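Single-letter residue listing:
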Amino acid sequence: MMKSHTFNYHQLIALFLFTFVISSVQGQTKEFNGDYQIGKLKGNATFSYKLRANDTILDGPFLFNDKGIQSLEESVYQSFSVEGDFSNNQPNGDWTLSFGNYIRDKQPKLVDYSYVINVNGLLKKVKGSFNDGIPKGEFIITIDSIKNSEVAKNLFKSTINFQNGVPQKSFTMESDSHAMVGRLLRNGVAHDKWTLFENENLGEVENWFFKEGILTKISIQKDGIAKEINVFENKDDNYKLYPLNRNYLTVVELTHNSSDTNKIVKNGIGGLLEKNLNTYGKVKGFMNQLGDSVSFPNFQVKLPFYPLDENNAAILKNVVDSIQKAEQLSNALLTNAQLSIQKLSNENTKFHYSVTEVISKDYLSPLSRLKNYSEENIVIHFNPKRLLEKLWPNGLPSGKIEIERENNQSRVYQAKNASNYNPKDVNLQEIEKLTYFTLANLEYLHEKLIGEITSQQREEAFLVQEKELIAQLDHLKKHIDSLKKSKPKEIQTTLESMKGFADNLLNEYSAMDENSEKLDYAKELTNCFSRTEEFATSISKLPVQMKEIKELYQDPVWNPFTATVMNEDIKKKITKAYENILIPYQLKNIQTDLKCSNMDSIEAFFERLNNRMVELFEEDTSRLERKLRKEKNPQEIIELFGLNDNEIEK
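Model, not experiment: these values are computed from the prediction.

Let's talk about the packing of aromatic side chains
At step 1: Within the structure shown, the criterion is met by 29 aromatic pairs.
At step 2: Arranged with centres 5.8 Å apart and planes meeting at 35°, the rings of Tyr-363 and Phe-437 form a pair that is tilted. Of this pair, Tyr-363 sits in helix 7 (residues 347-375) while Phe-437 is found in helix 9 (residues 428-450), placing the two residues 74 residues apart along the sequence. Of the two residues, Tyr-363 and Phe-437, both sit in the buried class.
At step 3: An aromatic cluster is built from Phe-32, Tyr-36, Phe-47, Tyr-49, Phe-62, Phe-64, Phe-80, Phe-86 and Trp-95, whose rings are joined through pairwise contacts.
At step 4: Positioned above the aromatic ring of Phe-351 is the side chain of Arg-411, whose terminal nitrogen or guanidinium carbon lies 3.8 Å from the ring centre.

This is the structure we're talking about:
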């Protein structure tokens, strides 16, 4: 009994010492120096960090550089340097970022007894400070053109002052031809006069006048003549604060839809503002790949606010949905190679094709602009009637469509749904009628033009194609049955759902009227069933891949208490996200939302996921594991794993 008691006592002491050592290690500052990757950039990094509950907390100096030209055979060279400090995983103090994309000269040159390789390209630099992740003080961003390894021209420069993360006071933006200066209030709201100068003669060429966020007017100098454009002048409008972003510039452009306003927004002050937005967006995207997220608040402006009532909001939604269908039909007809050839020899095809072109240009085009403004939530900044009048300044088109012929004669198209379309005014109710008129006629033209294939050709084609379709479906089902054997339940369920998916498609096909569209669909289904067979084979291999990943994420560990070697799971948050969230999420998608069009993307996702799991095993993933701790949303985990394949622009 005494021996047993003594053994347990020592066990407790060992356990206490082990826990103490682990706690001490986790609180210590460690140093990293070696290969490192941020997004698509691969280089060398040196930084300090702490371990806190298995999370990597950056704390101290941070340096990340490229490895230099690895070979003289490389003609394209990407250079970068990132230097700053972290405090508790947040950027703190001074930061300098430099990104260069260069093309080197083909031959080195001898300069002062040394061979020199000149480069040409672009150099982008960011210099600024943070206080606990919040921009502080002056931020300077420059984009320079490099020629023969020297700065040849400054293409863009932005200087903005931040106080507690809010842009304030005066700011400047420059291009190779113009310079701009503006002013902000303490809350970041645009105020006073913003002026654009020409670099050559320093004369004022453009001014934007703000009054506590409201852009009241724009003045421009054109051919020595001053011109003023009133922008938001209705004092009775309800104004709200919004960030100065691309939507704001679009609203300014639309407010006075003239050639002068378009040039201002695209090339003048608006052009510099948009360049600044793009540049800061890229800086933010890169910084958020490091520690905790940072933000660079936009300038604040005021815009009119016209909320749609429930009835008009419902009408606009129906209009947008119908426009999307009309766009698909128009595109299908105007990009059909067979029709483009057939209209050369068939008078009816030529006539109906010409009608499609007229409807797409005169009817659908302004409707598509309305759809875009709705999707971008721009419509709420306009009096609805005024916005529609801007899109249709000459009123809505009539229901009569007349096509000119070569012999100076014309042929009138008998429009469908014409009795319900007789425009009298430009309002949302009439736009709804115009949308239905446009969609109805494009649907008719689609059927008419595609139906130019003769009935005999269709019948012969149907016999051949349907025979091939049924044979392919039968082969698919037998193949799935053979794959299901001895597979895990969830994989079996997924494979079985593919048979139901194929049956549903065949049922849809059988209910269709016999026309050219059905023949095309039969060909699509035959290819789809063949692709589904390949897809099923790929899914059946998932258990093997998952087993390999599980074995990869195991480390042999000596257990002193049992005197045996045991396999211990490592990076559990990553493997649990992989096994319990991402894999089941995609299998569920297959079971409920499989389409002929999304098999490639799903298969590619599984391949990227498998490769990413192998990469993560080799990487320092403490920061990722910290973010995964409470994350259950599959889309967020996909983003954290870097599986969206969205490369950060450098």
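Remarks on the nonpolar core
At step 1: Ranked by size, the top nonpolar core spans 104 residues in total, and within it Phe-62, Trp-194, Phe-232, Tyr-248 and Leu-273 carry the most contacts.
At step 2: Each of domain 1 (30-301) and domain 2 (310-454) accounts for three or more of the residues forming this core.
At step 3: Core analysis: the second largest hydrophobic core is formed by 49 residues, Leu-483, Leu-495, Phe-535 and Ile-590 among them.

Brief notes about the environment of Ile-450
At step 1: Of note, Ile-450 is situated in helix 9.
At step 2: Judged by relative accessible area, Ile-450 falls into the buried class, the value being 12%.
At step 3: With 111 residues separating them in the primary sequence, Ile-450 and Leu-339 have C-alpha atoms 8.0 Å apart.

Considering the pattern of salt bridges
At step 1: Applying the stated criterion to the full structure yields 23 salt bridges.
At step 2: We note a salt bridge from Asp-474 to Lys-478, for which the minimum N-O separation is 3.4 Å. With Asp-474 and Lys-478 both in helix 10 (residues 455-484), this residue pair falls four residues apart, about one helical turn.
At step 3: The exposure class assigned to Asp-474 is partly exposed, which follows from its relative accessible area of 40%.
At step 4: With relative accessibility at 56%, the residue Lys-478 sits in the exposed group.
At step 5: A salt bridge links Lys-477 to Asp-503; the nearest nitrogen and oxygen atoms lie 2.7 Å apart. Linking Lys-477 in helix 10 with Asp-503 in helix 11 (residues 489-510), this pair joins segments that are 26 residues apart in sequence.
At step 6: One salt-bridge network, in which partners are shared between bridges, spans Asp-481, Lys-484, Glu-496 and Lys-499.

Regarding the packing of helix 14 (residues 572-593) against helix 17 (residues 634-641)
At step 1: Interaxial distance between helix 14 and helix 17 falls to 10 Å at its minimum, and their mutual angle equals 125°. The angle between helix 14 and helix 17 falls in the class oblique. Here helix 14 runs over helix 17; the crossing is left-handed. Contacts from Ile-574, Ala-577, Ile-581, Leu-582 and Tyr-585 in helix 14 reach Pro-634, Gln-635, Ile-637, Ile-638 and Phe-641 in helix 17.
At step 2: Partitioned by chemical class, the residues of the contact of helix 14 with helix 17 number nine nonpolar, one polar and no charged.

What counts and how
- Residues numbered from 1 in each chain as written.
- Predicted model: local features only at pLDDT ≥ 70, side-chain atom pairs only at ≥ 80, totals over all residues.
- Heavy atoms only, no water.
- Phe/Tyr/Trp six-rings, centres within 6.5 Å; stacked < 30°, edge-to-face > 60°.
- Helix = DSSP H or I, 4+ residues; strand = E, 2+ residues; numbered from the N terminus.
- Buried < 20%, exposed > 50% of the residue type's maximum accessible area, 1.4 Å probe, protein only.
- Lys NZ or Arg CZ within 6 Å of the ring centre and 35° of its normal.
- Core = buried A, V, L, I, M, F, W, Y, C linked by side-chain atoms within 4.5 Å.
- Domains from an automatic or database assignment.
- Salt bridge = Lys/Arg side-chain N within 4 Å of Asp/Glu carboxyl O.
- Axes fitted to C-alpha atoms, helices over the stretch in contact; angles between N-to-C directions.
- Parallel < 35°, antiparallel > 145°, perpendicular 65-115°, else oblique.
- Left-handed = near helix turned anticlockwise from the far one by under 90°.
- Contact = heavy atoms within 4.5 Å.
- Nonpolar A, V, L, I, M, F, W, Y, C, P; charged D, E, K, R; others polar.

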